[in-house]
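Geometric and topological summary
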Amino acid sequence: MTTATADTPTTGATATRTPTATRTPTTSTTPVRPAVALNGDVDGDGRPDTLTITQPGTLHARYTGGGDDAVRFRAGDPTFVDIHVLGAADADRDGHAEVFVQTDQGASIQTAAVFRYFDGHLHLVTRAGQQAALAYGGSTGFVAAWACRPAAVPAAAIVTETGPSTSSGAYTLTLDYYRFHQASLVSLVHRTAGPGPLDSLPGVRDEVSGETGCGQARLSP
């Protein structure tokens, strides 16, 4: 079982949530939701929540203030795939951290699924009607990466970058920028860069962490 909190670091069934104890503020003043959620704070109450893969294909979120969600997702064969929570960070600055889970991997490319909290529950994010798959990794012939909160398009929550290389080592990259609409990724901007050496082309970075991925959800060790 894999667990992620703020400090440690496709077809999904409808999420279910089981209410538990009523949330009680620790002071006489009701907590105010921050403009950007803390890493790991999915429900937006200012405290990190517990995220676990209870079995291959099920993400379980236990909220610090009470209640939980269990969300199904499509994943690779767990015999060969390290299915785990990459982390949770607020990609669209709405006061709720999105959850990122590595769901599949090949020889050089991994993919991650995204989960978004709205209307009181955690949901699997889709793109064009299918489970959204964010690719990352690569080799000398192909590279892929993604990040959240891209500075180049401030309205975007997620940017993906993919592209092949030619025999001369020049890459042509495709950059796609997306925003969220409830539990869907919606395309905003499509760009290309190159051909040219990889280190001369724009790379995708989280504006907050300066790294690929999103907050504590890092794409490299």
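Residues numbered from 1 in each chain as written. Predicted model: local features only at pLDDT ≥ 70, side-chain atom pairs only at ≥ 80, totals over all residues. Heavy atoms only, no water.

1. Overview of the pairing of strand 9 (residues 121-124)
So the rule is basically this: A simple rule labels every residue: compare its accessible area, found with a 1.4 Å probe on the protein chains alone, to the largest value its type can have, and call it buried under 20%, exposed over 50%, or partly exposed in between. What counts as a helix is a DSSP run of H or I of at least four residues, what counts as a strand is a run of E of at least two, and both are numbered from the N terminus. Any two strands with at least two DSSP-identified bridges between them are counted as paired.
Along strand 9, the buried face is formed by Leu122 and Leu124; none of His121 and His123, which line the opposite face, is buried. Looking at chain direction, strand 8 (residues 109-118) and strand 9 are connected through four bridges and run antiparallel. Looking across to strand 9, one finds that Tyr117 is bridged to Leu122.

2. Here's the deal with the packing of aromatic side chains
Think of a pair of aromatic rings as described by two things: how far the centres are apart, and how the planes are tilted against each other in angle. Filter applied, for reference: Only centres within 6.5 Å qualify two rings of Phe, Tyr or Trp (six-membered ring in Trp) as a pair; their planes then separate them into stacked at under 30 degrees, edge-to-face at over 60, and tilted for everything else.
All chains considered together, the criterion is met by three aromatic pairs. Centroid distance Tyr63 to Tyr117: 5.7 Å. Interplanar angle 80 degrees. Geometry classified as edge-to-face. Residue Tyr63 is found in the loop between strand 4 (58-62) and strand 5 (68-72), and its partner Tyr117 is found in strand 8; the two are separated by 54 residues along the sequence. Across this residue pair, the class does not change: Tyr63 and Tyr117 are buried. Geometrically, the ring pair formed by Phe100 and Trp146 is stacked, given 4.9 Å between the ring centres and 25 degrees between the ring planes. Of this pair, Phe100 sits in strand 7 (residues 98-105) while Trp146 sits in strand 13 (residues 142-148), and the two are 46 residues apart along the sequence. The two residues Phe100 and Trp146 agree in class, both being buried.

3. Regarding the side chain of Asp69
Rules: Think of a polar contact as two N or O atoms within 3.5 Å of one another; within protein, one of them needs to be a possible hydrogen donor and the other a possible acceptor, and neighboring residues in sequence only count if both atoms come from side chains.
If you trace the backbone, Asp69 turns up in strand 5. Classification of Asp69 as buried rests on a relative accessible area of 0%. A polar side-chain atom of Asp69 sits 2.6 Å from a polar atom in the side chain of Tyr63. Polar side-chain contacts of Asp69 include one of 3.0 Å to the side chain of His121.

4. Some remarks on unusual backbone geometry
In this model, Gly194 is joined to Pro195 through a cis peptide bond whose omega is 5 degrees. Locating Pro195 in the fold gives a position in strand 16 (residues 184-196). At Arg93, a position not held by glycine, the phi torsion is positive, near 55 degrees. Judged by relative accessible area, which is 38%, Arg93 ranks as partly exposed. In this structure, Arg149 takes a positive phi of about 50 degrees despite not being glycine. Within the secondary structure, Arg149 is located in the loop between strand 13 and strand 14 (158-164).

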